[in-house]
Amino acid sequence: MTTTVDLRYRLGVASRALAAIGGGYLLAAVASTLLAMLLTTLLPLSRADAVSLSTMLAFVIYPCAVLWVFATASAGRAWAGILGASALLGGVLWLTGSLS
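Below, the structure is looked at part by part. (Residues numbered from 1 in each chain as written. Predicted model: local features only at pLDDT ≥ 70, side-chain atom pairs only at ≥ 80, totals over all residues. Heavy atoms only, no water.)

### Section: the overall build of the protein
To keep it simple, the criterion reads: Secondary structure elements follow DSSP: runs of H or I of four or more residues count as helices, runs of E of two or more count as strands, with numbering from the N terminus. Whether two residues are in contact is decided by their heavy atoms: any pair within 4.5 Å suffices. The protein chains shown are the only cover counted for residues, whose accessible areas, like all others here, come from Shrake-Rupley with a 1.4 Å probe.
Looking only at helices and strands, one finds three helices and zero strands in the protein. When its helices and strands are written in sequence order, the protein yields α-α-α. C-alpha extents for the protein along the principal axes are approximately 60 × 25 × 15 Å. Pairs at least 24 apart in sequence give 71% of the contacts found in the protein among residues at least 6 apart. In the form shown here, the protein has an accessible surface area of approximately 6700 Å², with 75% of it arising from carbon and sulfur atoms.

### Looking at the environment of Leu93
Note on placement: Leu93 falls in helix H3 (residues 75–99). Between the alpha carbons of Leu93 and Ala19 there is a distance of 21 Å; along the sequence they are 74 residues apart. Leaving out residues up to four positions away in the same chain, Leu93 has contacts with Thr33, Leu34 and Met37.

### With respect to the environment of Ser54
Here is the rule: Only protein chains enter the area calculation, which uses a 1.4 Å probe; residues under 20% of their type maximum are buried, those over 50% are exposed, and those in between are partly exposed. Polar contacts, as used here, are pairs of N or O atoms within 3.5 Å; protein pairs need one atom able to donate a hydrogen and one able to accept it. Residues neighboring in sequence count only if both atoms are side-chain atoms.
On the secondary structure map, Ser54 appears in helix H2 (residues 47–71). Under the relative-accessibility criterion, Ser54 is labelled buried at 1%. Remark: the alpha-carbon pair of Ser54 and Ser86, spanning 32 residues in sequence, is separated by 16 Å. Ignoring anything within four residues of it in the chain, the contact list for Ser54 reads Ser32, Leu35 and Ala36. One polar contact links the side chain of Ser54 to the main-chain carbonyl oxygen of Ser32, over a distance of 3.3 Å. In terms of polar contacts, Ser54 uses its side chain to reach the backbone carbonyl oxygen of Val51, at 3.1 Å.

### Concerning the side chain of Arg16
Formally: When charges are counted, Lys and Arg contribute as positive and Asp and Glu as negative, whereas His and the chain ends are disregarded. One side-chain nitrogen of Lys or Arg within 4 Å of one carboxyl oxygen of Asp or Glu is enough to make a salt bridge.
Following the sequence through the fold, Arg16 ends up in helix H1 (residues 2–42). It is Asp6 that comes nearest to the buried, bridge-free Arg16 among opposite-charge side chains, at 14 Å. Once residues within four sequence positions are removed from consideration, Arg16 is found in contact with Val69, Phe70, Ala71, Thr72, Ala73, Ser74 and Ala75.

### Details of the nonpolar core
Generally speaking, nonpolar side chains in soluble globular proteins are found buried as a group. Stated precisely, the cut-off is as follows: We call a set of buried Ala, Val, Leu, Ile, Met, Phe, Trp, Tyr and Cys residues a nonpolar core when their side-chain atoms join them within 4.5 Å.
Counting residues in each nonpolar core, the largest one holds seven residues, listed as Ala19, Ala20, Leu27, Ala65, Val69, Ala78 and Ile82. It is H1 that contributes the most residues to this core, three residues altogether.

### Topic: the environment of Ile21
Here Ile21 lies in helix H1. Measuring from C-alpha to C-alpha, the distance between Ile21 and Tyr62 comes to 8.8 Å, with 41 residues separating the pair along the chain.

If you want it as structure tokens, here you go:
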């Protein structure tokens with residue numbers, strides 16, 4: 001009985017770690033790309049300045065995503081939140097790219 005609970009706990013932590021590392025990177029990358037595109041179109045920033053600013057903000061988004069993954073109630077909710085937010089931002093990025 002203890003072995004099953006211990007294995008389930010370890011798999012949950014491993015799943016959260018994968019969600020934090022891979023999913024957090026995906027979320028930060030998509031958010032950074034979308035933010036760079038929006039900064040170049042909405043503000044009078046050069047492309048290099050927009051990319052630099054959005055990359056710096058991605059260094060804030062990634063640790064926040066990692067913290068959120070380990071603060072949720074379950075590993076499934078962590079995956080759903082990370083992938084859902086990434087898909088939402090990716091959809092906005094796709095729409096923004098197709099409009100310009």
